[in-house]
Amino acid sequence: MAASGKSLVRILSRAVQRQTPCMTCGPQRFYHLGKPSLAEAKVDSDKMRVTMIPGDGIGPELMFSVKEVFTAADVPVKFEEFWVSEVQDRCTAEHMNEVVDSVNRNKVAIKGILATPSWFDMGELQSVNMQIRKKLDLFANVVRVKSLPGVKTRHGDLDFVVIREQTEGEYSALEHESVPGVVESLKIITRTKSERIAKFAFDYATKHGRNKVTAVHKANIMKLADGMFLDSCRGIAKLYPKIQFESMIVDNTCMQLASNPSQFDVMVMPNLYGNIIDNLAAGLVGGAGVVPGESYSPDCVVFESFRFKRTHNVFYNLLIYGLQGARHPFAQAVGRNIANPTAMLLCAANMLAHLNLTTHANLVKGSLMKVLRDKKIRTTDLKGYATTTEFTNAVISNLGRS
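Residues numbered from 1 in each chain as written. Predicted model: local features only at pLDDT ≥ 70, side-chain atom pairs only at ≥ 80, totals over all residues. Heavy atoms only, no water.

So, about the overall build of the protein chain. Counting its regular elements, the protein chain contains 13 helices and 12 strands. Looking at the protein chain residue by residue over its 402 residues, the buried ones come to 52%. In the protein chain, once contacts between residues fewer than 6 apart in sequence are set aside, the share between residues at least 24 apart is 73%. On the protein chain, roughly 18900 Å² of surface is accessible, and the fraction owed to carbon and sulfur atoms is 55%. (Helix = DSSP H or I, 4+ residues; strand = E, 2+ residues; numbered from the N terminus. Buried < 20%, exposed > 50% of the residue type's maximum accessible area, 1.4 Å probe, protein only. Contact = heavy atoms within 4.5 Å. Areas by Shrake-Rupley, 256 points an atom, 1.4 Å probe, with all protein chains shown as cover.)

Below, the structure written as structure tokens:
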């Protein structure tokens, strides 16, 4: 009787959601319900709380897919939503503190891409993404590059991991114009954080049964900065004698990824190289729409997807979609119902596994893999014609059938 009561509350809650659109969130179909009833509050008390940052561009639409699948799979998770955005000027100190407090409280978050203005006069030097990472100390970004069933690519069965340090390096936001026409941009590398990310990579390899760690660098040119990073990795490698260690210059790494990516297992690198390498690697297995990622601090995890910007015409984006030089949010797909939710659903499944909701994680991931394997419902980036809604409904209809 109690179970049927909970189901009734969920049905009624969903009906209220569909009838009360939030006018401040645009056309993305997200809703705010206000203060819950006593029955709803009791249902929510049985759920784990997770911070949700929908992000910009297609982020809100992908999050809507996650919420629809979670509802259908009866996942016991309650989202705390925060609509922070740099390009929409919703990133005040108060907004940022609320987000950080929520993540620190819940220990887990799921996040869409936050677009970053491309010009120096359209925002602070340190982007909102970087502010969140530094406030939460999200020092390790992990992207697992794995071939998916039903997604045809040039290379065979790939499965390797890109780990980047993401709190310093070229993204330290230490730039200044020393004299007119001369800009100095500082790259910060510290031994403490280099050793920390190296240890994280070797710990990750140990925990997940990986055999090799490759340190990616440019120490032949930046002898002090990248030299310190490489030396830190070599020092940590001595503590893990069962794991093979190698180093590779970043430009050679790009060539090797394009020609023979199966040679890699776990890769660790500084911030900028990681940002380039994980985007390159994503293209090897079908693109950004099918690759999940996550960022770790000592206390919390943020699961996040990333998205390529599909056009070089920034001004077209400005005029049509109102996003000021948006980076990676796939802005031109907003409202067209064509985005691929695979990566975000994989992020959500990984998040459920992290929360020890293993049954629900396997349910969501298994359904998603079945849709990809069947090759009947495919979005435009996978050379199909299905909409985001059709793909999401296919995942829902296959729950429990994998």
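We are not done yet, so read on.
With respect to the helices and strands, the residue Arg 164 is situated in strand β5 (residues 159-165). Buried Arg 164, no salt bridge; nearest opposite-charge side chain is Asp 278, N-O distance 4.1 Å. Looking at Arg 164, its side chain comes within polar contact range of the side chain of Asn 271, at 2.5 Å. Setting aside chain neighbours within four positions, we find Arg 164 in contact with Arg 133, Phe 139, Ala 140, Asn 141, Tyr 171, Ile 197, Met 269, Pro 270, Asn 271, Gly 274, Asn 275 and Asp 278. (Lys, Arg positive; Asp, Glu negative; His and termini not counted. Salt bridge = Lys/Arg side-chain N within 4 Å of Asp/Glu carboxyl O. Polar contact = N/O pair within 3.5 Å; in protein donor to acceptor, adjacent residues only side chain to side chain.)

With that out of the way, let us pick up the packing of helix α6 (residues 191-207) against helix α7 (residues 225-237). Where α6 meets α7, the axes come as close as 8 Å, and the angle between the chain directions of the two elements is 45°. Compared by their axis directions, α6 and α7 come out oblique. The hand of the α6/α7 crossing is right-handed. Side by side, α6 and α7 meet where Arg 191, Ser 194, Glu 195, Ile 197, Ala 198, Lys 199 and Phe 202 of the first sit next to Met 228, Phe 229, Asp 231, Ser 232, Cys 233, Ile 236 and Ala 237 of the second. Taken together, the residues of the contact of α6 with α7 sort by class into eight nonpolar, two polar and four charged. (Axes fitted to C-alpha atoms, helices over the stretch in contact; angles between N-to-C directions. Parallel < 35°, antiparallel > 145°, perpendicular 65-115°, else oblique. Left-handed = near helix turned anticlockwise from the far one by under 90°. Nonpolar A, V, L, I, M, F, W, Y, C, P; charged D, E, K, R; others polar.)

This brings us to unusual backbone geometry. A positive phi is found at Asp 74, a non-glycine position, where the angle reads about 55°. Within the element layout of this structure, Asp 74 appears in the loop between α3 (59-72) and β2 (77-81). In this structure, Asp 137 is a non-glycine residue whose phi angle is positive, near 60°. Note that Asp 137 resides in the loop between α5 (128-136) and β4 (140-146).

Once that is clear, we can look at the environment of Ser 178. Positionally, Ser 178 belongs in strand β6 (residues 175-179). Within the structure, the side chain of Ser 178 is placed 3.5 Å from the side chain of Glu 184, a separation counted as a polar contact.

In this section: the packing of aromatic side chains. This model, assessed by the stated rule, comprises six aromatic pairs. Between Phe 200 and Tyr 296 the ring centres are 5.4 Å apart and the planes differ by 50°, which places this aromatic pair in the tilted class. In this pair, Phe 200 sits in helix α6 while Tyr 296 sits in strand β11 (residues 292-296), placing the two residues 96 residues apart along the sequence. Judged on exposure class, the residue Phe 200 and its partner Tyr 296 are both buried. Of the aromatic side chains, those joined through ring pairs into one cluster are Phe 139, Phe 200 and Tyr 296. (Phe/Tyr/Trp six-rings, centres within 6.5 Å; stacked < 30°, edge-to-face > 60°.)

On to the nonpolar core. Counting 86 residues, the largest nonpolar core has Phe 160, Ile 163 and Met 351 as its most contacted members. Ranked by residue count, the leading element in this core is helix α11 (residues 342-354), at eight residues. When we break this core down by domain, the ones giving at least three residues each are domain 1 (42-153 + 291-311 + 336-401) and domain 2 (187-285). Aside from chain neighbours lying at most four places away, what touches Met 351 is Val 50, Phe 70, Phe 79, Val 108, Ile 110 and Phe 303. Judged by nonpolar contacts, the second largest core, of 15 residues, contains Ile 53, Val 100, Val 128 and Val 302. (Core = buried A, V, L, I, M, F, W, Y, C linked by side-chain atoms within 4.5 Å. Domains from an automatic or database assignment.)

Once that is clear, we can look at the packing of helix α8 (residues 250-259) against helix α9 (residues 271-284). For any two helices packed against each other, one specifies the crossing angle of their axes together with the interaxial distance. Two numbers describe how α8 lies on α9: the axes approach to 10 Å, and their chain directions differ by 5°. The angle between α8 and α9 falls in the class roughly parallel. Here Val 250, Thr 253, Cys 254 and Leu 257 of α8 lie close against α9, whose contacting residues are Tyr 273, Ile 277, Leu 280 and Leu 284. For the contact of α8 with α9, the class distribution of residues is seven nonpolar, one polar and no charged.

Time to look at the sheet that holds strand β10 (residues 266-269). The strand order β2-β1-β3-β12-β11-β4-β5-β10-β8-β9 describes an open sheet built from 10 strands, whose pairing is mixed. What marks the edges here is a single partner per strand, and that holds for β2 and β9 (244-249). Neighbour-to-neighbour, the strand axes of this sheet turn through a mean angle of 25°, independent of strand direction. Bridge count between strand β3 (residues 108-111) and strand β12 (residues 301-305): four bridges; the pairing is parallel. Residue pairing for β12: Lys 111 is matched across the bridge by Glu 304. Against the sheet, α8 contacts β5, β8 (212-217), β9 and β10, and its axis sits at roughly 105° relative to β9. (Pairing = 2+ DSSP bridges.)

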